[in-house]
Amino acid sequence: MSNEAPQRLLETEGLGEALRTDLQRAAAHDVGYDVDAGLVRLESAMARGGPPPSDGGGTAAAASSGKGLAIVVGLALVVGAGAIAWSLASGQASTESGTVAAAGVEPALVPEAGAELAQTSLAAQPPTEPGTEPGSPSDDPGLLIIEEAEPEAE
Amino acid sequence: MNEALSMEPVIDAGELFRRHAAFVANFLARLGVIRTELDDVVQEVFMVAHRRGGFRPGPARPTTWLADIALKVNANRVRKQRRARVEARGETVERAADERASPAEALDHRRSVDRVQQALDALDDDRRSIFILFELEGESCESIASGLGIPVGTVYSRLHTARRKFRKAHDRLLARERPRGPRGAVAVVLSLVWVGLRGAVS
C-alpha cells in the first residue's frame, strides 16, 4: 500500500452507480439536530458547572468520577491496612525489645540500681510483709518494669 | 506556521456548539447513536469540550477534535448500553424520508441512507469513524490523524480496510434487496403503498 493520500470513493472513476448514489445521499443526509434548543441546554449546564441533566444512561463524566472514587477508596484502604500492620508490628517489636532489654539488662544494671535504691528507700521503710525481703523488686518502683518483663524472658 | 496557529484565539464550547453541533450530531448518528439519545450524547461531547477549555487551534480542525471526543463519549456509552447500536438502524434515517417529494423518492432515499448505515455497522469504531470523516464528511487524512491523535499512515491503513469491508457489506445488502420475480415486485409495491400512507397520515 502506498503512502499517497487516497482519493475519496465519490471522486473515484469506475465506482458502481448504486454505491455512488448511496454515498452521495448518505453524505448529504442530516439528522436534523435542533442546534438552538441544544445550545440553551448546554449553556444552562455550563452555568451550573456540571454535566447536562440527562435521563439517558451513564456518562463519561460519571464513569470517570466513579473511577476516581474507586482509586481514592482503594488508596485509603491500602494506607489504612499499612498503618494497622505497622502499628501491630511496632507494638510487637517494642514488646520484644522490652523483653530483650529486661533479659539482658537485669543482671548487669539492676542489682546496682536496686542496691542503691534499696539502701536509700528501704533503709527508711522496713518491709510491711513478713515474706518480703528488703530490696526485693516488688517494693522498688525502679524495678517495676523489669519485674513485669521477667515472666516473658523465661 | 505553528506560531501563527498559537496566536489564534481559543474557541469556547458555546461557539463550538453553534458551529459544529450539527456535524457532531450527524457523526454520532452515523456511529449508531439512536435518535432518542442523540441530544444527551451531543451535550456530553460539548461538556467535555468545555471542561478541556475549548478548542485550541493546531494541526487538528475543530471537527476532527470534536469527533475524537465524540468517539470516546460514545464508546463509554456503548460499553454500558450494548443494545444502543442494535436499535440504531432505521431510526436515524427518518428525516430524509419525510422530506422527499414523492413516496417513491422518499423510499429510494431512505433505502440508500439505510444501506450505508448498515454497511457502516460492519466496521469497528476505529475504522468506522475514519470512513465517516473521510468519505462522508470530507475531512483530510492529516486533519483526521491530528484530531484522533494517530499517525497519518494509520489513517491510510484503517481507511483501506474500512473501504474494503464497507464495499463488501454494501454489495451484500444490494444483492439481498434485489427483487426476485413476482414476489419482489409485490414487495416493492407494498413498500411504496406503505410510504404513501405514512406520508398521507403525517
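So, here's what we can say about the structure. Just so it is clear, the structure is predicted and the values come from calculations on it, not from any experiment.

## Structural notes on the overall build of chain A
In terms of regular secondary structure, chain A is built from 4 helices and 0 strands. Shown N-terminal to C-terminal, the secondary structure of chain A runs as helices and strands in the order α-α-α-α. Counting every position in chain A, which comprises 154 residues, the buried fraction comes to 22%. Considering only contacts in chain A between residues 6 or more positions apart, those separated by 24 or more positions represent 34%. Carbon together with sulfur atoms contributes 61% to the accessible area of chain A, which is approximately 10200 Å² in total.

## A short note on the packing of helix 9 (residues 141-148) of chain B against helix 10 (residues 152-177) of chain B
Residue and element names in this part refer to chain B. Where helix 9 contacts helix 10, the axes come no closer than 8 Å and their chain directions differ by 110°. In terms of axis orientation, helix 9 runs roughly perpendicular to helix 10. Contacts between helix 9 and helix 10 involve Cys141, Glu142, Ile144 and Ala145 from the first element and Val152, Val155, Tyr156 and Leu159 from the second. Split by residue class, the contact of helix 9 with helix 10 holds 7 nonpolar, no polar and 1 charged.

## Here's the deal with a positive patch on the surface
Together, B:Arg164, B:Lys165, B:Lys168, B:Arg172 and B:Arg176 make up a positively charged patch on the protein surface. Within the secondary structure, B:Arg176 is located in helix 10.

## Remarks on helix 10 of chain B
Owing to its 3.6 residues per turn, the α-helix aligns residues three or four sequence positions apart on the same side. Between the first and last C-alpha of helix 10 of chain B there are 37 Å, a value that for 26 residues agrees with the 38 Å anticipated at 1.5 Å per step. Those residues of helix 10 of chain B that sit buried are B:Val155, B:Tyr156, B:Arg158, B:Leu159, B:Thr161, B:Ala162, B:Arg163, B:Phe166, B:Ala169, B:His170, B:Leu173 and B:Leu174. On its buried side, helix 10 of chain B packs onto helix 1 (17-28) of chain A together with helix 7 (103-121), helix 8 (125-136) and helix 9 of chain B.

So, how was this worked out
- Throughout, residues of each chain are indexed from 1 in the direction in which the sequence is written.
- All chains are assigned letters beginning with A, and all ligands numbers beginning with 1, in the order in which they are written.
- At least 70 in pLDDT is required for a residue's local features to be given in this predicted model, at least 80 for side-chain atom pairs to be given and counted, and no such filter applies to totals for whole chains, interfaces and linings, which use all residues.
- Hydrogens and waters are ignored; side-chain quantities use all the structure's heavy atoms.
- Helix numbers and strand numbers start at the N terminus; a helix is a DSSP run of H or I with at least 4 residues, a strand a run of E with at least 2.
- Note on classification: 1.4 Å probe, protein chains only; a residue is buried when its accessible area is under 20% of the maximum for its type, exposed when over 50%, partly exposed between these limits.
- For this analysis, residues touch if any pair of their heavy atoms sits within 4.5 Å.
- The method behind every accessible area is Shrake-Rupley, applied with a 1.4 Å probe, and residues are considered shielded solely by the protein chains displayed.
- An axis is simply a line fitted to the C-alpha atoms; with a helix, the fit covers only the stretch in contact. Between two such axes, the angle follows the N-to-C directions and lies from 0 to 180 degrees.
- Geometric relationships in this document are graded by angle, where less than 35 degrees denotes roughly parallel, more than 145 denotes roughly antiparallel, 65 to 115 denotes roughly perpendicular, and other angles denote oblique.
- Note that Gly is not counted as nonpolar here; it falls among the polar residues with everything else outside the nonpolar set of Ala, Val, Leu, Ile, Met, Phe, Trp, Tyr, Cys and Pro and the charged set of Asp, Glu, Lys and Arg.
- Without a salt bridge and with relative accessible area above 30%, a residue can belong to a patch; like charges are then joined within 9 Å and nonpolar side chains (Val, Leu, Ile, Met, Phe, Trp, Tyr) within 5 Å.
- By definition here, a salt bridge exists when the distance from a side-chain nitrogen of Lys or Arg to a carboxyl oxygen of Asp or Glu is within 4 Å.
- Counting rule applied: Lys, Arg positive; Asp, Glu negative; His and chain ends not counted.
- For charged residues, the charge sits on one atom: NZ in Lys, CZ in Arg, CG in Asp, CD in Glu.
- Multiplying 1.5 Å by the residue count of a helix minus one yields the expected span of that helix.

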